[in-house]
Amino acid sequence: MNKPDKQACVSRIQQQTYGLRVTAAVICSLFVATGCSKKTEPPARQQPEPESSELSRSLDSIASENGVAGYAIGLVAGGRLVLAHAFGEKELGSGTRLTTQSVFHWASVSKPFVATAIMQLSERGELDLDARLVDVLPDYRTSDHRHGEVTVRQLLLHTSGTPDVEDYEWDQPAYDDDALRRWVLDESPRDLVFDPGSDRRYSNVGYEILGLIIEEVSGRSFEAYMKSNIFDPLAMTDTTFYYPDVPEHLRTVGHHGQTHRRPIDDYPYNRRHAPSSTLNTNVEDLARFVLALLNGGELDGARILENATLDDMWRPRWTEQESPLRASATGWVVEDFNGHRMVRHFGSDDGFRSALLIFPDDQSALFLVTNDETTPTRDIALTALADLFAAESAGKQE
């Protein structure tokens, strides 16, 4: 049979009513919104198939035409990493090219990792998701009596009523071990914006509280727990929530400015906000996390979650009234994307944009990051998804 035309797939994705709403309202708007131990020898990594030169040229053409500083992308199809590609410079004018090992700030893509850690503690019987915050963190005090009703699960779903961060103070970063505890217990905003469980509003503070819960239950720093329970088992050797651990030669610089792109003044790092926002990784490492999730929580003999736990994480739990096909899950958003079940998270901070889109029923995924606020990420993502689903459709027809 004839191979599906890729451009036709792009048009179909853009034109279908719900697909247009998803891509315009989700892919576009969320992008343009505003102590280390010695590394052990990692197991052999699964190598991606040879790059689709046609696809990478198409993506690079979009980036070049828009003067993009740089981006990196990974594609998984059929449970295999089929594309890992990078374009541009770590800093405009530096002459240093980005590679698939270049480490970017992934902003709120941090949150699915925090949710994974919380679910690990739940699996082990160390944490009850329906436990009250005041029981798990007895030192957390506020004059708002409604805090007595807030549960761990509500924090995961953004339904706790917890307010959001107003100033991340990237220009005044804290690095000390007590920074997260001090922020959550003494410095963070406390007055709830609605009664717990009655509504949903995105809250970075909520995920910072979850990070402190991880510390409280595990007896380890948030960063150390994430390293030993997720990054090390999956051989994500260049991934960290502690920015000083990122090797200098792998670091990237964020850019802003619509007509004249320039480096941002302050890299978005502050240990106060590590759980909500400071995942630093590259597309090669992130591919291993994605492959583990698509394989029921296990990769190369290392299991980070039970399959049943993963299914529970991705179960819709709070449906948005204005978008009935979109629902909040545990650390993720679940929605329909042109007939494909998609679980996803986006990230947006000064100088950086990111996206993690997983299609569990198709054993496929797209993850994209850029060190340029003005990158046309919607166009890049749509082009890559069209290629991904055109290839999938061709495989089904053969």
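This write-up is about the structure you can find in this document. (Residues numbered from 1 in each chain as written. Predicted model: local features only at pLDDT ≥ 70, side-chain atom pairs only at ≥ 80, totals over all residues. Heavy atoms only, no water.)

1. Looking at the environment of tyrosine 243
Examined against the element boundaries, tyrosine 243 turns out to sit in the loop between helix 9 (222-231) and strand 4 (255-256). Linking tyrosine 243 and proline 268, residues 25 residues apart in sequence, is a C-alpha distance of 9.4 Å. Setting aside residues up to four positions removed in sequence, tyrosine 243 forms contacts with Arg251, Tyr267, Tyr269 and Asn280. (Helix = DSSP H or I, 4+ residues; strand = E, 2+ residues; numbered from the N terminus. Contact = heavy atoms within 4.5 Å.)

2. A short note on the environment of arginine 326
Within the fold, arginine 326 resides in strand 10 (residues 323-328). Once the C-alpha coordinates of arginine 326 and aspartate 336 are considered, the two residues, ten residues apart in sequence, prove to be 7.0 Å apart. Engagement of the side chain of arginine 326 in a polar contact is seen with the side chain of glutamate 335, the distance being 3.1 Å. (Polar contact = N/O pair within 3.5 Å; in protein donor to acceptor, adjacent residues only side chain to side chain.)

3. Remarks on the environment of threonine 237
Along the chain, the position of threonine 237 falls in the loop between helix 9 and strand 4. On the basis of relative accessible area, threonine 237 is assigned to the partly exposed category, the value being 23%. Sequence spacing of threonine 237 and lysine 227 is ten residues, and the spatial spacing of their C-alpha atoms is 9.2 Å. (Buried < 20%, exposed > 50% of the residue type's maximum accessible area, 1.4 Å probe, protein only.)

4. Some points on the nonpolar core
Core analysis: the biggest nonpolar cluster contains 85 residues, and Phe113, Ile213, Phe289, Trp332, Ile358 and Phe367 have the highest contact counts within it. It is helix 11 (residues 283-294) that provides the largest number of residues to this core, a total of nine residues. Among residues more than four places away in sequence, those in contact with phenylalanine 113 are Met226, Ile230, Phe231, Met236, Phe241, Leu279, Leu286 and Phe289. Counting 24 residues, the second largest nonpolar core, distinct from the first, contains Leu59, Leu83, Ile380 and Leu388. (Core = buried A, V, L, I, M, F, W, Y, C linked by side-chain atoms within 4.5 Å.)

5. Thoughts on the pattern of salt bridges
As enumerated under the stated definition, the model contains 21 salt bridges in all. For glutamate 216, the salt bridge is made with arginine 181, and the minimal N-O distance between the two is 2.7 Å. A residue pair is termed long-range when its members are at least 10 positions apart, and glutamate 216 in helix 8 (residues 204-218) and arginine 181 in helix 7 (residues 179-187) qualify at 35 residues. When its relative accessible area of 27% is taken as the criterion, arginine 181 is described as partly exposed. For glutamate 248, the salt bridge goes to arginine 251, with nearest N and O atoms at 3.6 Å. Note on glutamate 248: relative accessible area 56%, which makes it exposed. (Salt bridge = Lys/Arg side-chain N within 4 Å of Asp/Glu carboxyl O.)

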